[in-house]
Amino acid sequence: MITTNLDIETIRKDFPILKRKVNGYPLVYLDNAATSQTPKQVIDTIVDYYSRFNANIHRGVHSLSQEATDAYENARKKIQNHINAVEPHEIIFTSGTTDSINLVASGFTSFLKKGDEVLVSAMEHHSNIVPWQMLCERTGAILKVIPMNPEGELLIDEYAKLLSNNTKLVVCNHVSNALGSINPIEKIISLAHEVDAAVLIDGAQAAPHIKIDVQKLNVDFYTVSAHKICGPTGVGILYGKEEWLKKLPPYQGGGEMIAEVTFEKTTYADLPHKFEAGTPNICGGIAFGAAIDYMNSLGYEAIASYEKELLEYATEELKSIKGLKIYGTSQHKTSVISFNVEGIHPYDIGTILDKLGIAVRTGHHCAQPIMDYYNIPGTIRASFSFYNTKDEVDILVEGVKKAKQMLS
Amino acid sequence: MSIEEIQNEIVEEFSMFDDWMQRYEYMIELGKSLPLIEEQYKTEDNIIKGCQSKVWVHAELEGDRLVFTADSDAIITKGIIAILIRAFSNQKPKDIVEANTDFIDKIGLKDHLSPTRANGLVSMIKQLKLYAIAYQTQLN
């Protein structure tokens, strides 16, 4: 029995999709690290927006436009408060973490020169590798990798040795999507600042599990995607310290981001609009705010403590399966278990689990360097959310046993 | 036997099973009878793109017939490619090009036919047909 302050059965009723059947079985949704499910509070916000005050924001004189603008800017403030940013304009709405990272990588083009160094961790998602590789190609800067150990922990001593006056930027995820490791970002940030390097933390996998305080972290840039914390897809934020966002050049040109346009010269709008060209995902931003309200109504402490118990239970149960190996065994983990069963391709197990109504992710999880490190084609990844139950862990374990029996 | 006759035979075999589990078990069995590709042909060039698991296919003309061999590192994928090869191997390239693949649907593998599905059944069929087109041109 798992003890928790959360009433999981009531919480599950907030998520209409959890009532679904897949291939004749009740859905067991364990792909939360890819996309979390959406509670009715967020779905209602989306319906409400399109039913009552759908309009373009910031420029309209009419009431609907004003209401939409207020709701959108209110969502920005909610996110600001949630991550404890100093100013609302330090929150830039983007289409998600990938977009946020590309915005910063694009902006740094004018700051880097040949021989400068960008440090990236060995356990990044491709979206926190490729934009920096492209930046290095544009500028002649060098990409260096912070190594990790077999448990899936970054080697901080090695990281400290890589830092020098050439280091201009350090990028790292807060939590690894493929392994679930929680990285010691406070240490990573403070060491980087000793050599005056800027730090971007990809918080896509941390935001659903950990309450973030950007001031306490003293981080320069932090990214979040809404769809991983019960919000809609296609929206996210870039947090940037005001001083950095002022320095960075605009990312995309278009409406909203200008102060004045003539054919001779255009001047740019103030923050945050400088980085928000075109009509944004207004409904998405507002619904993102509703998702944050929902998460806070449950409380991060209660969520983290329940998910920790789920993780421990699932880890023990899965380990009882002979030949099953877990990748990512750090003491500091979110509720993600990446594993393989000896002699069986992860894809085969994922296929059988799907036939049993169990949704997991298989493959390289957009983190091929990690798979290369372990010399495996991929893993099966089960990622748990606060609405998952111990019974669902049991169904997963039985499913893996069934798949193993069929495939051996 | 013609491609159509073989396909009908496969459909009949699969119709004996009541549930997906038996069908998958049979497919896994069929994978074990797959005519294996020779190691020398397991090259990057012979990997079918669009599959989450690795699938290698090699084609060779024997007389006027095209003979396929293949392998995969995943068992279910191996079963799928074995079914395709059973239908298409030892056939004239022209017949392979013209063959329809409705039988996949009939044997309960429809969910593997989605173009976004990571196992790339669609890519496998496309690759077999591309080989057939290439050899048909050669024969002409």
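This one's a predicted model, so the numbers in the text were calculated from it and none came from an experiment.

This part takes up the overall build of chain A. Regarding its fold elements, chain A presents 14 helices and 17 strands. In terms of overall dimensions, chain A is globule-like: its C-alpha atoms have a radius of gyration of 22 Å, near the 22 Å expected for 408 residues. Based on the C-alpha atoms only, the size of chain A along its principal axes is roughly 70 × 55 × 35 Å. Partitioning the intrachain contacts of chain A with sequence separation of at least 6 by distance along the chain shows that 70% fall at a separation of at least 24.

Residues and elements named next belong to chain B. Taking 1.5 Å of rise per residue, the 14 residues of helix α3 (residues 75-88) would be expected to cover 20 Å, and the 20 Å separating its terminal C-alpha atoms lies within 8% of that figure. Taking burial as the measure, the 14 residues of α3 include 13 buried ones, the bulk of the element. Following α3 by one or two positions, Asn90 adopts a phi angle in the positive range, close to 65°.

On to the interface of chain B and chain A. Taken together, the contact between chain B and chain A spans 13 residues of the former and ten residues of the latter. Among the elements that make up the side of chain B that touches chain A, the one with the highest residue count is helix α2 (residues 20-32) of chain B (four residues). A class-by-class count of the residues in the side of chain B that touches chain A yields seven nonpolar, four polar and two charged.

Turning next to the sheet that holds strand β16 (residues 361-363) of chain A. Residues and elements named next belong to chain A. Strand order across the open sheet formed by four strands is β13-β14-β17-β16, with antiparallel pairing between neighbours. Edge positions in the open sheet fall to β13 (324-327) and β16, since each of these has one partner strand only. Strand-to-strand twist of the sheet, defined as the mean angle between neighbouring strand axes without regard to direction, takes the value 30°. The sheet contact formed by strand β14 (residues 336-341) and strand β17 (residues 379-383) spans four bridges and is antiparallel. Residue Ser338 lies in a different strand from β17, and its bridge partner there is Arg381. Strand contacts of helix α11 (residues 300-319): β13, β14 and β17, with the helix running at about 145° to β13, the strand carrying the most contacts.

Another point: the domain arrangement of chain A. All names here are of chain A. Along its sequence, chain A is organised into domain 1 (8-30 + 300-407) and domain 2 (43-296). Centre-to-centre, using C-alpha coordinates, domain 1 lies 29 Å away from domain 2. Contacts between the two partners involve 20 residues from domain 1 and, on the opposite side, 19 residues from domain 2. Breaking the side of domain 1 that touches domain 2 down by element, the ones donating at least two residues are α11, β14 and α13 (368-374).

Residue and element names in this part refer to chain A. Here Ser225 shows up in strand β9 (residues 221-225). What makes Ser225 buried here is the crowd of 29 C-beta atoms within 10 Å. Between the C-alpha atom of Ser225 and that of Thr97, which follows or precedes it by 128 residues, the distance is 5.3 Å. Ignoring sequence-local partners within four residues, the contact set of Ser225 consists of Gly96, Thr97, Ala204 and Gly236.

To continue, consider the environment of A:Ala403. Residues and elements named next belong to chain A. Residue placement: Ala403 occurs in helix α14 (residues 390-407). Sequence-wise, Ala403 and Ala302 are 101 residues apart; in three dimensions their C-alpha atoms are separated by 34 Å. With near-sequence residues (within four places) excluded, Ala403 lies in contact with Ile349, Ile352 and Leu353.

Attention shifts here to the sheet that holds strand β8 (residues 198-202) of chain A. All names here are of chain A. Across the sheet, seven strands lie side by side as β4-β10-β9-β8-β7-β5-β6; this open sheet has mixed pairing. Bordering the open sheet on either side are β4 (91-94) and β6 (142-146), each of which pairs with just one other strand. On average, each strand axis in the sheet is inclined to that of its neighbour by 20°, with strand direction left out of account. In this structure, strand β7 (residues 167-173) lies alongside β8, joined through five bridges in parallel fashion.

Okay, the packing of α3(B) against helix α6 (residues 121-139) of chain B next. Residues and elements named next belong to chain B. It is the contact of α3 with α6, at a shortest axis distance of 11 Å, that shows an interaxial angle of 30°. Relative to α6, α3 is oriented roughly parallel. Both α3 and α6 take part in a crossing whose hand is right-handed. Between α3, through Ile80, Ile81, Leu84 and Phe88, and α6, the contact on the second element is made entirely by Leu121, Met124, Ile125 and Leu128. Along the lines of polarity and charge, the residues of the contact of α3 with α6 split into eight nonpolar, no polar and no charged.

What follows is about the confidence of the model for chain B. Residues and elements named next belong to chain B. Residues with a pLDDT of 70 or more make up 92% of chain B, whose mean pLDDT is 88. Across chain B, the element-wise mean pLDDT spans from 86 in helix α5 (residues 103-106) up to 96 in helix α4 (residues 93-98). Here the complex is predicted with pTM 0.93, and the ipTM for its interfaces comes to 0.86.

Another point: the packing of helix α3 (residues 63-83) of chain A against helix α10 (residues 282-298) of chain A. For any two helices packed against each other, one specifies the crossing angle of their axes together with the interaxial distance. All names here are of chain A. Running from N to C, α3 and α10 cross one another at 40°; their axes reach a closest spacing of 8 Å. Considering their axes alone, α3 and α10 lie oblique with respect to each other. For the element pair α3 and α10, the recorded crossing hand is left-handed. Touching Ala68, Ala71, Tyr72, Asn74, Ala75, Lys78, Ile79 and His82 of α3 are Ile282, Gly285, Ile286, Phe288, Gly289, Ile292 and Asp293, all from α10. For the contact of α3 with α10, the class distribution of residues is nine nonpolar, four polar and two charged.

All names here are of chain B. Inspection of the sheet shows strand β1 (residues 55-62) paired to strand β2 (residues 65-72) by eight bridges, in the antiparallel sense. By the bridge assignment for β2, His58 is matched with Thr69. Linking β1 to β2, which pair antiparallel, is a turn of two residues; within it Gly63 sits at a positive phi near 65°.

Turning our attention to helix α12 (residues 346-355) of chain A. Spacing of three or four residues puts side chains on the same side of an α-helix, whose turn is 3.6 residues. Residue and element names in this part refer to chain A. In terms of burial, α12 is a largely internal element, nine of the ten residues being buried. Taken together, the buried positions of α12 are Pro346, Tyr347, Asp348, Ile349, Gly350, Thr351, Ile352, Leu353 and Lys355. Gly357, located one to two residues past α12, shows a positive phi value of around 85°.

The rules behind each value
- The residue numbering used here restarts from 1 in each chain and proceeds along that chain's sequence as written.
- By the order in which they are written, chains take letters starting at A while ligands take numbers starting at 1.
- For this predicted model, a pLDDT threshold of at least 70 governs which residues receive local features, and a threshold of 80 or more governs which side-chain atom pairs are given and counted, while totals over whole chains, interfaces and linings are taken from all residues.
- The numbering of helices and of strands both runs from the N terminus, where a helix is a DSSP run of H or I of at least 4 residues and a strand a run of E of at least 2.
- Radius of gyration here uses only the C-alpha atoms, and the compact-globule reference equals 2.2 Å multiplied by the residue count raised to the power 0.38.
- Two residues qualify as being in contact provided that their C-beta atoms, derived from the backbone, are within 7 Å of each other.
- How far a helix is expected to stretch is found by multiplying one less than its residue total by 1.5 Å.
- Here a residue counts as buried when 20 or more other C-beta atoms sit within 10 Å of its C-beta, as exposed when there are 12 or fewer, and as partly exposed otherwise, the C-beta atoms being derived from the backbone.
- Here the term charged refers only to Asp, Glu, Lys and Arg, the term nonpolar to Ala, Val, Leu, Ile, Met, Phe, Trp, Tyr, Cys and Pro, and the term polar to all other amino acids, Gly among them.
- Two strands qualify as a pair provided that DSSP identifies no fewer than 2 bridges between them.
- Each axis is a line fitted through C-alpha atoms, taken for helices only over the stretch in contact, and angles between the N-to-C directions span 0 to 180 degrees.
- Source of the domain bounds: an automatic or database domain assignment.
- Each angle is binned into one of four classes, with values under 35 degrees roughly parallel, values over 145 roughly antiparallel, values of 65 to 115 roughly perpendicular, and all other values oblique.
- By convention the crossing between two helices is left-handed if the near helix lies anticlockwise of the far one by an angle smaller than a right angle, and right-handed if it lies clockwise.
- pLDDT runs from 0 to 100 and stands for how confident the predictor is about each residue.

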